[in-house]
Amino acid sequence: MIASGPGLFDDLPPSADRVDIGAQACLLRGFAGGRDTAFRRAIDAVAGQADFRNMQTPGGGRMSAAMTSCGGYGWVTDRRGYRYAAADPESGAPWPAMPRLFAMLAAKAASHAGFDAFEPDACLVNRYAVGARMGLHQDKDEADYDHPIVSVSLGLPAVFLWGGLRRADKPERLLLEHGDVLVWGGADRLRYHGIAPVKAGFHPFAGEQRINLTLRRSQ
Ligand code: MD6
Ligand code: FE
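Predicted, not measured: the structure shown is a model, and the values here were computed from it.

Asks: Explanation requested: the overall build of the chain in the structure shown.
Replies: When helices and strands are counted, the chain shows two helices and 13 strands. Over its C-alpha trace the chain gives a radius of gyration of 16 Å, about what one expects of a compact globule, namely 17 Å for 219 residues. Seen through its C-alpha atoms, the chain measures out along the principal axes to roughly 45 × 40 × 40 Å. In the chain, which comprises 219 residues, the share counted as buried stands at 52%. The long-range share in the chain, meaning contacts at least 24 apart out of those at least 6 apart in sequence, stands at 73%. With an accessible surface of roughly 10000 Å², the chain has 51% of that area assigned to carbon and sulfur atoms. A distance of 6 Å separates the average location of the 25 positive side-chain charges in the chain from that of its 24 negative side-chain charges.

Asks: Is there a simple way to explain the packing of helix α1 (residues 36–49) against helix α2 (residues 100–112) in this structure?
Replies: Between two packed helices, the angle of one axis relative to the other and the distance separating the axes together describe the packing. Between α1 and α2, whose axes approach to 9 Å, the crossing angle comes to 120°. The angle between α1 and α2 places the two elements in the oblique class. From α1, A38, F39, A42 and I43 reach across to α2, where they touch L101, F102 and L105. Of the residues that constitute the contact of α1 with α2, the class distribution is seven nonpolar, no polar and no charged.

Asks: Sorry if this is basic, but what is going on with the sheet that holds strand β13 (residues 209–216) here?
Replies: Note on sheets: strands pair through backbone hydrogen bonds, and any given pair is parallel or antiparallel. Spatially, seven strands are ordered β1-β2-β11-β8-β13-β6-β3 in an open sheet, and the strand pairing comes out antiparallel. If you trace the sheet from one side to the other, it starts and ends with β1 (18–22) and β3 (66–70), each paired once. Put simply, the sheet's adjacent strands are angled 20° from each other on average, direction ignored. Bridge analysis of β1 against strand β2 (residues 25–28) gives four bridges, and the strand direction is antiparallel. Bridge assignment links D20 to a residue of β2, and that residue is C26. Sheet strands touched by α2: β1, β2, β3, β6 (122–129), β8 (149–155), β11 (181–184) and β13. Its angle to β8, the strand with the most contacts, is close to 120°.

Asks: Please explain α2 as it appears in this structure.
Replies: Since one α-helical turn is 3.6 residues long, residues separated by three or four positions face the same way. The terminal C-alpha atoms of α2, which comprises 13 residues, lie 18 Å apart, in line with the 18 Å expected from a rise of 1.5 Å per residue. In terms of residue burial, α2 counts as a mostly covered element, since 10 of its 13 residues are buried. Turning to α2, its buried residues are L101, F102, A103, M104, L105, A106, A107, A109, A110 and H112. Note on α2: the residue one or two positions beyond its end, G114, has a positive phi of about 100°.

Quick notes on the rules
Residues numbered from 1 in each chain as written. Chains lettered and ligands numbered in written order. Predicted model: local features only at pLDDT ≥ 70, side-chain atom pairs only at ≥ 80, totals over all residues. Heavy atoms only, no water. Helix = DSSP H or I, 4+ residues; strand = E, 2+ residues; numbered from the N terminus. Rg over C-alpha atoms; globule rule 2.2 N^0.38 Å. Buried < 20%, exposed > 50% of the residue type's maximum accessible area, 1.4 Å probe, protein only. Contact = heavy atoms within 4.5 Å. Areas by Shrake-Rupley, 256 points an atom, 1.4 Å probe, with all protein chains shown as cover. Lys, Arg positive; Asp, Glu negative; His and termini not counted. Charge placed at Lys NZ, Arg CZ, Asp CG, Glu CD. Axes fitted to C-alpha atoms, helices over the stretch in contact; angles between N-to-C directions. Parallel < 35°, antiparallel > 145°, perpendicular 65-115°, else oblique. Nonpolar A, V, L, I, M, F, W, Y, C, P; charged D, E, K, R; others polar. Pairing = 2+ DSSP bridges. Expected span 1.5 Å × (residues − 1).

Here's what the structure looks like:
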């Protein structure tokens, strides 16, 4: 059980700006706002133990977003494929512990979206420089699709490509801004999605970068 802890996120209005984007998917605008110092410290602590890296894809290219992970498992990719691993392949050490802030925010956001008792065991941290992107993909490396996914956007805005269950389905374009949280699961769990190339700009939280936290139950 992840204790919610008095105070943390309890000050959010019960219907924080919520936009339904699917039967079981929603955008909670600004849900993670107002906690910049705590997010900055937590991200720097994770990156201090497991630095961002541009991993290799099975096809031989490199991800344009730099990534790291925290929690019991981290998401990794190399020539052998995509998977979750309990140790950082760069150091051989376990991934940094998941900051309580991340786990609590994820549980709270999931519960707002109708998914109770979400306990993430993996948090992928994506860092996009200007021009970095993420192609349309499904999140399907997790053992059990019954658990939702919670994704937090920080820093520069980006256009989220929100597709359907088939790769050919034309994606909607949703602007994700600093503090926005996406939750999806159930019938929407395997929808294709991606990030359009990040446009030049400056945000006080992350300078010329976008940071995304994607929290999952991997096992
Ligand atoms: C990103 N996110 O927002 C990339 N996947 O930078 C994802 O690929 C993603 O935001 C699953 C669920 C939510 C996401
Ligand atoms: Fe994804």
